[in-house]
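Below are the chains, spelled out letter by letter.
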Amino acid sequence: MEKDFNPKNAWLEMEDVEHEEVFDFNGDYAEFLNNCKTEREFVQGSIELLEAEGFRDICEFQKLKKGDKVYRVNRDSAIMAAVIGERPLTDGMRIVGAHMDSPRIDLKPNPLYEDSEIAYLSTHYYGGVKKYQWVSIPLAIHGVVVKEDGSKVHINIGEKEDDPVFYISDLLPHLGQDQMQKKMSEAINGEQLRLIIGSIPEKSEKDEEKKPKDKVKTAILNHLYKEYGITGEDLVSAELQIVPAMKARDVGFDRGLLAAYGHDDRVCAYTALRAILDVDKPQYTAVLLLVDKEEVGSMGSTGMKSHFFENTVAEMINLSSENYSELILRRTIENSKSLSGDVNAAYDPNFADAFEKNNSSYLGKGVVITKYTGARGKSGSSEASAEFVAEIRSLFNNAGVLWQTGELGKVDKGGGGTIAQFLANYNMDVLDCGPVVLSMHSPYELVSKVDVYHTYLAYQVFMEK
Ligand code: MN
Ligand code: MN
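The model shown is predicted, which means the values in this text are computed figures rather than measured ones. By convention here, each chain's residues receive numbers from 1 onward along its written sequence. Chains carry letters and ligands carry numbers; both start at the beginning, A for chains and 1 for ligands, and go up in the order they are written. Selection of residues for local features in this predicted model requires a pLDDT of at least 70, selection of side-chain atom pairs for listing and counting requires 80 or more, and totals for whole chains, interfaces and linings are taken over all residues. Side-chain measures here rest on the full set of heavy atoms in the structure, leaving out hydrogens and waters.

A. Main features of the coordination of the manganese ion (ligand 2). Distances from the manganese ion (ligand 2) to its protein donors, Asp 264 (OD), Glu 295 (OE), Glu 295 (OE) and His 441 (NE2), fall within 2.1 to 2.6 Å. Listed donor atoms are N, O and S within 2.8 Å of the metal (Na, K and Ca: 3.2 Å). As water is not included, a site may look incomplete. Ordering the donors of the manganese ion (ligand 2) by residue number gives the pattern D-x30-E-x145-H. Metal-to-metal, the separation of the manganese ion (ligand 2) and the manganese ion (ligand 1) is 3.4 Å; Asp 264 coordinates the two. Highlighted residues: Asp 264 in helix α6 (residues 263–277) and His 441 in the loop between β21 (436–437) and β22 (445–448), separated in sequence by 177 residues. Of the two residues, Asp 264 and His 441, both sit in the buried class. Only DSSP runs of H or I with at least four residues qualify as helices, and only runs of E with at least two residues qualify as strands; both kinds are numbered from the N terminus onward. Note on classification: 1.4 Å probe, protein chains only; a residue is buried when its accessible area is under 20% of the maximum for its type, exposed when over 50%, partly exposed between these limits.

B. Local environment of the pairing of strand β5 (residues 104–115). For two strands to be treated as a pair, DSSP must find no fewer than two bridges joining them. Direction of pairing for β5 relative to strand β6 (residues 118–126): antiparallel, over a ladder of eight bridges. Each residue of the ladder has a partner; that of Arg 104, found in β6, is Tyr 126. The antiparallel hairpin formed by β5 and β6 contains two residues in its connecting segment, where Ser 116 sits at a positive phi of about 55 degrees.

C. Seen up close, the coordination of the manganese ion (ligand 1). Around the manganese ion (ligand 1), the donor atoms from the protein are His 99 (NE2), Asp 264 (OD), Asp 342 (OD) and Asp 342 (OD), and they sit 2.1 to 2.6 Å away. All donors of the manganese ion (ligand 1) belong to a single chain; written as a sequence motif, their spacing is H-x164-D-x77-D. We classify His 99 as buried; its relative accessible area is 1%. Asp 342 sits in the buried class, given a relative accessible area of 7%.

D. Highlighting the packing of aromatic side chains. Two rings from Phe, Tyr or Trp (for Trp, the six-membered ring) form a pair when their centres are within 6.5 Å of each other. A pair whose planes differ by under 30 degrees is stacked, one over 60 is edge-to-face, and the rest are tilted. Within this structure, the stated rule accounts for 14 aromatic pairs. The interplanar angle of 75 degrees and the centroid separation of 4.9 Å between the aromatic rings of Phe 32 and Phe 42 together place this pair among those described as edge-to-face. You can see Phe 32 sitting in helix α1 (residues 16–35) and its partner Phe 42 sitting in helix α2 (residues 39–52), a full ten residues away along the chain. The pair formed by Phe 32 and Phe 42 is uniform in burial state, with each residue classed as buried. On the basis of an interplanar angle of 65 degrees and a centroid distance of 5.3 Å, the ring pair of Phe 309 and Tyr 426 is categorised as edge-to-face. One end of the pair, Phe 309, is in helix α7 (residues 308–320); the other, Tyr 426, is in the loop between α10 (420–424) and β20 (429–434), with 117 residues separating them in the sequence. For the pair formed by Phe 309 and Tyr 426, the shared burial category is buried.

E. Spatial organisation of helix α5 (residues 215–228). The terminal C-alpha atoms of α5, which comprises 14 residues, lie 20 Å apart, in line with the 20 Å expected from a rise of 1.5 Å per residue. If you check which residues of α5 are buried, you get Lys 215, Val 216, Thr 218, Ala 219, Ile 220 and Leu 224. Buried residues along α5 sit in contact with β5, β6 and β9 (195–198). Once α5 finishes, Gly 229 follows within two positions and takes phi at roughly 70 degrees, a positive value. Multiplying 1.5 Å by the helix residue count minus one yields the expected span of that helix. Residues count as neighbours in contact if any of their non-hydrogen atoms are within 4.5 Å of one another.

F. Summary view of the sheet that holds β22. Strand order in the open sheet formed by three strands is β11-β12-β22, and the pairing between neighbours is antiparallel. Only two strands of the sheet have a single neighbouring strand rather than two, namely β11 (249–251) and β22. Within this sheet the neighbouring strands show an average axis-to-axis angle of 35 degrees, counted without direction. Here strand β12 (residues 257–260) runs beside β22; their pairing, made up of four bridges, is antiparallel. Its bridge partner lying in β22, Leu 257 is registered against Ser 448. Inter-axis angles, ranging from 0 to 180 degrees, are taken between N-to-C directions of lines fitted to C-alpha atoms, where helices are fitted over the stretch in contact. Strands β11, β12 and β22 of the sheet are contacted by helix α11 (residues 449–464), whose axis makes an angle of about 70 degrees with β22.

G. Here's a closer look at the side chain of Asp 292. Checked against the element boundaries, Asp 292 lands in the loop between β13 (285–291) and α7. Here a polar contact means two N or O atoms within 3.5 Å. Within protein one must be a hydrogen donor candidate and the other an acceptor candidate, and residues neighboring in sequence count only if both atoms are side-chain atoms. Looking at Asp 292, its side chain comes within polar contact range of the side chain of Lys 293, at 3.1 Å. Polar contacts involving the side chain of Asp 292 include one to the side chain of Thr 302, which spans 2.9 Å. Once you skip the residues sitting within four places of it in the chain, Asp 292 turns out to touch Glu 39, Ser 77, Asp 101, Tyr 126, Thr 302, Gly 303 and Met 304.

H. Geometry of the domain arrangement of the protein. Where each domain starts and ends follows an automatic or database-derived domain assignment. Domain boundaries in the protein define domain 1 (10–102 + 261–464) and domain 2 (104–244). For domain 1 versus domain 2, the separation of C-alpha centres amounts to 34 Å. Of the residues lining the interface, 17 residues belong to domain 1; the matching set on domain 2 comes to 16 residues. A pair is scored as a salt bridge if a Lys or Arg side-chain nitrogen falls within 4 Å of a carboxyl oxygen belonging to Asp or Glu. Here domain 1 and domain 2 share four salt bridges between them. Taken together, the connections running from domain 1 to domain 2 amount to ten residue pairs in polar contact (both at pLDDT 80 or more). Residue polarity is assigned by list, with Asp, Glu, Lys and Arg as charged and Ala, Val, Leu, Ile, Met, Phe, Trp, Tyr, Cys and Pro as nonpolar; anything else, Gly included, falls into the polar class. Tallied by class, residues from the side of domain 1 that touches domain 2 come to three nonpolar, four polar and ten charged.

I. Focus on the environment of Arg 376. Checked against the element boundaries, Arg 376 lands in the loop between β17 (374–375) and α9 (386–399). Arg 376 gets classed as exposed once you look at its relative accessible area, which sits at 56%. For the pair formed by Arg 376 and Lys 413, sequence separation is 37 residues and the distance between their alpha carbons is 7.8 Å. Setting aside chain neighbours within four positions, we find Arg 376 in contact with Asp 412 and Gly 414.

J. Inspection of the sheet that holds strand β8 (residues 152–157) at higher detail. On the basis of which strands lie adjacent, the open sheet formed by six strands has the order β8-β7-β10-β5-β6-β9 and antiparallel pairing. The open sheet is flanked by β8 and β9, the only strands paired with a single partner. For this sheet, the mean angle separating the axes of adjacent strands, direction not counted, is 30 degrees. Here three bridges tie β6 to β9, and the two strands are oriented antiparallel to one another. In the strand pairing of β9, Ala 119 is matched with Gly 198. Across the sheet, α5 is in contact with β5, β6, β8 and β9; its angle to β5 comes to roughly 125 degrees.

Here you go:
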């Protein structure tokens, strides 16, 4: 037995056939990411995969028994799926939770205006973004507009080859002397993240009736109405998200890395989804829990702080036994164990100063076990117990899951949180567990394909064993 703890490069630990599996899996993941750039799209994509594997909406069940595959959707923006285990529900569940929302730019409620004969949408960014990273790159608009009669218009513009894209401008270096002296956090401010959406003015018969500045805006309004039946007021009841119009791409001559928008945290959401699709006769009921709003504090009815999770467990208990009670619900949840699937920061030699080498996690060394998150004296951390970490370590070691550990950066450099704390509030065991990401929260993040695959293996063995 090796005495020193020294995680090895995962590529070196695998056979050639496993390499192929890794690449195939990541090909599927890349395609899923290209099609699912919002939480609503992710939920829709999840339902399609779940139904293809025999999962059905909980409404369709009169009773739940061993082996049944069930899911429940919350407002098109969160989803929970389960495979009913061999043991009774009250023995607890094995839950993998992750979030599907990613940092992005949202629209303001009254976004459309014209300035200097350019039509803009004003925005309010969502989550922790470095604003300067979002200028002068191709952007797409995804989302839904809900009209007064409740009908929905789904928008997805900027992804097809012949689609237009949208754009946020930056200042040319020739005139950028003052800007370049600013702090990076101020070089581009929030209000400057305004999206260019048009430039051709409406040719009107009654030109004199309109001020020149309204003509491009008028043309855009006409276009929106003609193409989508959308009015300016309809944008008040819309969830339109500005996301990078870039597809996932292999990185490096050896194609070992995958760059994409939204790895945080769709890499965990997708691997957990694939894991539950492959779960067969689990001892304990296996649960997939994909939520929204993590990047803004897990608030709201679709975030992890919502009662959606426990309400769904209550529904499952009600369909599984004759005598539902709140005590049974509490016992079921308290006896459960969970992995909080979220990403950690990859050690970056480019910014070595932010990391402590022995307690960082690295691209290509497998899935990361993060015992605690938090910042500045572990503040805000949900720390997994030593007992539960030992249990997971043993599970992974026995199943050949390659894993490493790490903190999020040096002490007092910063920190972060996940949904772990909200699961822990139910008094269940929770451990943060997911792959590392380089350039996290940027418009184009990087993961290692071998880490993605071992994250899938980790979740699968946790749900099944
Ligand atoms: Mn995350
Ligand atoms: Mn994040």
